[in-house]
Amino acid sequence: MHDETLCLPIRKTPEDGFESLVVPLHRASTITFQTVESYQNRRDAIYDGYSYGLYGTPTTRALEMRIAELERASRALVVPSGFAAIVLTTLASAQSGQCVLFPDSCYDTIRPFAANFLQGLGIKSVFYDPEVGSEISQLLDDDVALVWVESPGSITLEVQDVPAIAAAAHARGIKVAADNAWATPLRYRPLEHGCDFSIIPLSKYLNGHSDVVMGAIAVRDVALYRRLKDFSRYLGMGASSDDASLVLRGIETLAVRLDRSEASAHILAQLLQARPSVLEVRHPALVASPGHDFWKRDFSGSSGVFSVFLDPAVRPVLAGAVEALEFFAIGASWGGTRSVVAILNQAPLRSVRPLPHTGPIIRLSIGLEHVEDLRADLEKAFDRLDAAVPAHATQTQGADT
Ligand SMILES: *Cc1c(COP(=O)(O)O)cnc(C)c1O
């Protein structure tokens with residue numbers, strides 16, 4: 001054989017006798033076939049086998065199996081981002097002339113997606129009060145193809161009565177999709193509460209190290225899985241094996257990371273409730289937080305993300321106080337090892353029912369640092385915020401669990 005040919009891997013290295021604890025990283029665009037017939041039938045393999053790197057490798061399939069098990073689903077599909085999971089689920093469910101319902105507390109990219117993209121396809125979007133339960137039936141008609149729930153909602157963290165919403169939708173044959181970002185399947189499993197789709201932004205807690213963007217959709221119905229897989233093909237969506245192997249690594253420590261973030265966040269949320277500059281703390285485990293009773297009924301715990309509505313009087317000192325935080329990075333995403341703070345000058349947009357406060361809001365994602373360091377850091381910042389609030393104008397939520 002010539003050098004040029006010897007440079008190429010013609011023969012496989014034997015793997016017999018090699019077993020590691022790790023899911024192997026398989027990279028591929030081309031996948032090879034032993035026979036012409038199996039090559040010609042490769043399209044049948046996109047759902048469960050291997051036909052082309054875009055449609056799955058043993059590494060991405062391993063991640064899909066892990067997610068399906070955690071969500072108590074029969075199948076899961078990994079896609080390029082959490083938002084891609086929302087897009088794919090919506091487009092595979094609704095056609096031109098139909099309507100999709102979103103909670104008013106939805107992830108912020110939903111609104112421009114609805115107005116600038118879905119509308120252009122002839123798909124109507126209707127926003128509804130996240131605190132509605134079975135009354136959602138008033139919004140359901142023959143045109144509604146899909147109801148989204150996001151429980152708890154982005155930033156404002158309203159926990160929804162998902163079983164009541166799902167029952168009302170199913171009574172009319174309408175499917176229900178849940179965005180399970182905040183709780184992860186370790187704290188909440190939407191498919192066990194009546195939802196047909198559970199989407200997870202893997203970029204958050206499941207990967208958990210702020211270095212991967214990926215999403216997943218879990219379903220029980222295999223026909224739905226096949227439809228999602230078909231649509232992911234039409235949209236050219238796939239997921240990188242390298243990133244999938246990082247998420248598989250992240251999931252191995254998910255339970256202990258969540259336990260730590262949950263415990264620290266609960267302590268800090270309670271602490272901040274008593275601060276004069278704080279109008280309201282939104283954290284599903286606090287009794288005054290909207291939908292707390294549904295959280296207690298349906299969730300097995302909480303995570304490390306909560307929001308704080310601040311007195312508008314703090315505006316002049318807020319940026320300085322946040323920039324002085326030592327252990328909180330300023331940033332938008334969450335669910336990683338490091339604590340992160342996001343600042344909203346205004347409360348998020350509401351089209352159905354106004355929020356009780358106008359903002360500003362800070363959203364905290366509590367990481368794995370020692371809670372005492374985080375506490376001291378936050379106390380210093382809130383000393384500055386409290387000093388900006390006139391004493392007579394303050395109100396607090398009172399004692400809480
Ligand atoms: C982050 C997030 C998404 C989007 O996930 P990406 O992977 O960042 O695209 C969707 N929904 C919610 C509730 C989120 O928090």
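(A) Examining the layout of surface pockets more closely. Volume-wise, the largest pocket comes out at about 770 Å³. Lining of the largest pocket is provided by 39 residues; of these, Tyr107, Ser154, Lys204, Trp334 and Arg363 occupy positions nearest its centre. For the lining of the largest pocket, the secondary-structure elements that each account for two or more residues are helix H4 (82-93), strand S6 (197-201) and strand S11 (339-344). Among the residues making up the lining of the largest pocket, the classes are represented as 20 nonpolar, ten polar and nine charged. In terms of domain composition, the lining of the largest pocket takes at least three residues from each of domain 1 (36-252) and domain 2 (254-387). The residue inventory of the lining of the second largest pocket, partitioned by class, reads four nonpolar, six polar and three charged.

(B) Up close: the packing of helix H11 (residues 315-323) against helix H12 (residues 371-387). At a minimum axis distance of 9 Å, the contact between H11 and H12 shows a crossing angle of 170°. Classified by the angle their axes make, H11 and H12 are roughly antiparallel. In this structure, H11 contributes Val317, Leu318, Gly320 and Ala321 to the contact, and H12 contributes Ala381, Arg384 and Leu385. Here the contact of H11 with H12 is built from residues that sort into five nonpolar, one polar and one charged.

(C) Layout of the domain arrangement of the chain. The domain boundaries assigned to the chain delineate domain 1 (36-252) and domain 2 (254-387). If you average the C-alpha positions of domain 1 and of domain 2, the two centres end up 27 Å apart. The partner domain 2 presents 39 residues to the 36 residues of domain 1 that form the contact. In total, domain 1 and domain 2 occlude about 3,400 Å² of area from one another, counting both sides; carbon and sulfur atoms represent 58% of this. Sorting the residues of domain 1 by area buried against domain 2 places Trp182, Arg187 and Tyr205 first, and these three jointly supply 27% of that buried surface. Along the contact surface separating domain 1 from domain 2 lie seven salt bridges. With its nearest N and O atoms 3.1 Å apart, the salt bridge here joins glutamate 158 to arginine 350. Taken together, the connections running from domain 1 to domain 2 amount to 28 residue pairs in polar contact (both at pLDDT 80 or more). Contributions of two or more residues to the side of domain 1 that touches domain 2 are made by strand S3 (124-128) and helix H8 (241-252).

(D) Structural detail: the site of the ligand. Around the ligand, the structure places 14 residues, and the nearest of them are Gly82, Phe83, Asp179, Ser203 and Lys204. In the model, an oxygen atom of the ligand is placed 2.7 Å from a nitrogen or oxygen of the glycine 82 main chain. Between the ligand and the protein, one listed contact pairs an oxygen atom with a side-chain N or O atom of serine 203 at 2.5 Å. Taking 380 Å² as the accessible area of the ligand by itself, protein coverage stands at 89%. Its atoms largely coinciding with the cavity grid, the ligand occupies the largest pocket. It is H4 that provides the largest number of residues to the shell around the ligand, a total of three residues. In terms of residue class, the shell around the ligand is made up of seven nonpolar, four polar and three charged.

(E) Spotlight on the side chain of serine 307. Among the secondary structure elements, serine 307 is positioned in strand S9 (residues 305-310). At 2.6 Å, the side chain of serine 307 and the backbone oxygen of isoleucine 155 are in polar contact. Residue contacts for serine 307: discarding those within four places in its chain leaves Ile155, Leu157, Glu280, Val281, Arg282, Ile361, Ile362 and Arg363.

(F) Up close: the packing of aromatic side chains. All told, the structure shown has ten aromatic pairs when counted by the stated rule. Taking the centre distance of 5.8 Å and the plane angle of 70° together, the rings of phenylalanine 33 and tyrosine 39 count as edge-to-face. Classification of tyrosine 39 as partly exposed rests on a relative accessible area of 41%. Put simply, the rings of Phe83, Tyr107, Phe113 and Phe117 touch in pairs and so form one group of aromatic residues. Note that arginine 42 overlies the ring of tyrosine 39, its terminal NZ or CZ placed 4.2 Å from the centroid. Lying over the aromatic face of phenylalanine 127, arginine 111 brings its terminal NZ or CZ to 4.5 Å of the ring centre.

(G) Here's a closer look at the packing of H4 against helix H5 (residues 110-118). Between H4 and H5, the least distance of the axes is 12 Å, while the angle of their chain directions is 45°. Considering the angle they form, H4 stands oblique to H5. Helix-helix and strand crossings are classified by hand; for H4 and H5 the assignment is right-handed. Across from Phe83, Ile86, Val87, Thr90 and Leu91 in H4, the residues of H5 making contact are Ile110, Phe113, Phe117 and Leu118. For the contact of H4 with H5, the class distribution of residues is eight nonpolar, one polar and no charged.

(H) Molecular detail of the sheet that holds S11. Taken together, the five strands give an open sheet; going across it, the order is S8-S9-S12-S11-S10, and neighbouring strands pair in mixed fashion. Of all the strands in the sheet, just strand S8 (278-282) and strand S10 (328-330) have a single pairing partner and so form its edges. Within this sheet the neighbouring strands show an average axis-to-axis angle of 25°, counted without direction. Two elements, S8 and S9, share four bridges in a ladder whose sense is antiparallel. By the bridge assignment for S9, valine 281 is matched with valine 308.

Rules of the game
- Residues numbered from 1 in each chain as written.
- Predicted model: local features only at pLDDT ≥ 70, side-chain atom pairs only at ≥ 80, totals over all residues.
- Heavy atoms only, no water.
- 1 Å grid on protein atoms, 1.4 Å probe; cavity = no way out; pocket = protein on both sides within 12 Å on 5 of 7 lines; lining within 4 Å.
- Points joined across faces, edges and corners; volume = space filled by probe spheres on them.
- Helix = DSSP H or I, 4+ residues; strand = E, 2+ residues; numbered from the N terminus.
- Nonpolar A, V, L, I, M, F, W, Y, C, P; charged D, E, K, R; others polar.
- Domains from an automatic or database assignment.
- Axes fitted to C-alpha atoms, helices over the stretch in contact; angles between N-to-C directions.
- Parallel < 35°, antiparallel > 145°, perpendicular 65-115°, else oblique.
- Contact = heavy atoms within 4.5 Å.
- Buried area = accessible area lost by both parts, 1.4 Å probe.
- Salt bridge = Lys/Arg side-chain N within 4 Å of Asp/Glu carboxyl O.
- Polar contact = N/O pair within 3.5 Å; in protein donor to acceptor, adjacent residues only side chain to side chain.
- Near = heavy atom within 4 Å.
- Areas by Shrake-Rupley, 256 points an atom, 1.4 Å probe, with all protein chains shown as cover.
- Sits in = over half its atoms within 2 Å of the grid points.
- Phe/Tyr/Trp six-rings, centres within 6.5 Å; stacked < 30°, edge-to-face > 60°.
- Buried < 20%, exposed > 50% of the residue type's maximum accessible area, 1.4 Å probe, protein only.
- Lys NZ or Arg CZ within 6 Å of the ring centre and 35° of its normal.
- Left-handed = near helix turned anticlockwise from the far one by under 90°.
- Pairing = 2+ DSSP bridges.

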